[in-house]
Amino acid sequence: MSDETNESPGELPLEGAGDRLRRAREKAGLTVEQVAAETRIPLRHLEVIEAGDFEALPARTYAIGFSRTYAKAVGLDEADIARQVREETGGARSHEPVRSASFEPGDPARVPTRGLAWLSALAALLLIAGGFAYFKDYFFPGAGPGPIAAPQDVADAAGPDGGTQQTSGPAASAATGPVVFTALEDDTWVKFYDANGDQLMQKQMAEGETYTVPADAEGPQIWTGRPYALAITVGGRSVPKLSEVDEIVRDVPVSAEALLSRAEEAAGEDEGAAGGA
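The chain has the name Cytoskeleton protein RodZ-like C-terminal domain-containing protein in an unreviewed UniProt entry, where Pelagerythrobacter marensis is given as its organism.

Written out as structure tokens, the structure reads:
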């Protein structure tokens, strides 16, 4: 008796995620180079994705995130492609040792020089010292010198309800300060860049790892596929996450002013919803 197969005559085998992406690209009349320019995903990564060789990528999260971005560029369902990539890579790397080094999608893995490491440490110390000096009065009230104004002058400055009248100065304006992102999960890929597209930082952050947006960065923005895994503070004040769902956010401003504005808008929407209820 001849061997029987389970496939019906004329039935084609299911396509892998890489095959579907390649076919969609060809149908759209795009080259791999054009997709790389559009998505900013390195050409070599796109080629291994189309080949279905997801293990050639640095990590499973890269395969899922890059495939979602590729799907969006060629008009496929991002969630469907991401689900298929998860199925094709499920458990494939469960026995791999945890990588302690950070990888940068789009660039070869780089090891910082000794000089750069020292400069980074010095910058962190200066930032901590500056933050302590700025918020010293908040954490240690009364530690500074006494007021120069006489008691009566201080009383005159108080309003009818006893509150201090403030018309200008840092205390009357919106809070500002260092913008700090903290990863809440391992393998959280994120890229920061300025308004000119120049990269500020790009890596996979480990759980608990933080990144402070440079105060002198012009129009800093963020690109990540896991916005829900990033906690944000501005001057020590927690602000809402960029998103609470699994989605790709890109070109989102992350200056102190932009994040505080988002927080105020979110608070206004919550108050409006409560009032409508």
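## Observations regarding the overall build of the chain
Counting secondary structure elements, the chain contains eight helices and eight strands. The buried share of the chain, reckoned over its 277 residues, is 29%. A fraction of 62% describes how many contacts in the chain between residues 6 or more apart in sequence connect residues 24 or more apart. For the chain, the exposed surface amounts to about 17600 Å²; the carbon and sulfur share of it is 54%.

## Quick look at the confidence of the model for the chain
Here the chain averages 77 in pLDDT, and 68% of its residues register 70 or above. pLDDT under 50 marks residues 1-13. Its contacts with residues more than four places away, or in other chains, come to zero contacts. A low-confidence stretch, residues 92-111 stays under pLDDT 50, and its non-local contacts, those more than four residues away or across chains, total 34 contacts.

## Some details on the pattern of salt bridges
Per the stated rule, a full pass over the model turns up 11 salt bridges. Note that Asp246 and Arg86 form a salt bridge whose closest N and O atoms lie 3.2 Å from each other. A residue pair is termed long-range when its members are at least 10 positions apart, and Asp246 in the loop between β7 (237-239) and β8 (249-253) and Arg86 in helix α5 (residues 78-89) qualify at 160 residues. Of the residues examined, Arg86 reaches a relative accessible area of 32% and is grouped as partly exposed. With its nearest N and O atoms 4.0 Å apart, the salt bridge here joins Glu244 to Lys241.

What counts, and at which threshold
- Residues numbered from 1 in each chain as written.
- Predicted model: local features only at pLDDT ≥ 70, side-chain atom pairs only at ≥ 80, totals over all residues.
- Heavy atoms only, no water.
- Helix = DSSP H or I, 4+ residues; strand = E, 2+ residues; numbered from the N terminus.
- Buried < 20%, exposed > 50% of the residue type's maximum accessible area, 1.4 Å probe, protein only.
- Contact = heavy atoms within 4.5 Å.
- Areas by Shrake-Rupley, 256 points an atom, 1.4 Å probe, with all protein chains shown as cover.
- pLDDT = per-residue confidence, 0-100.
- Salt bridge = Lys/Arg side-chain N within 4 Å of Asp/Glu carboxyl O.

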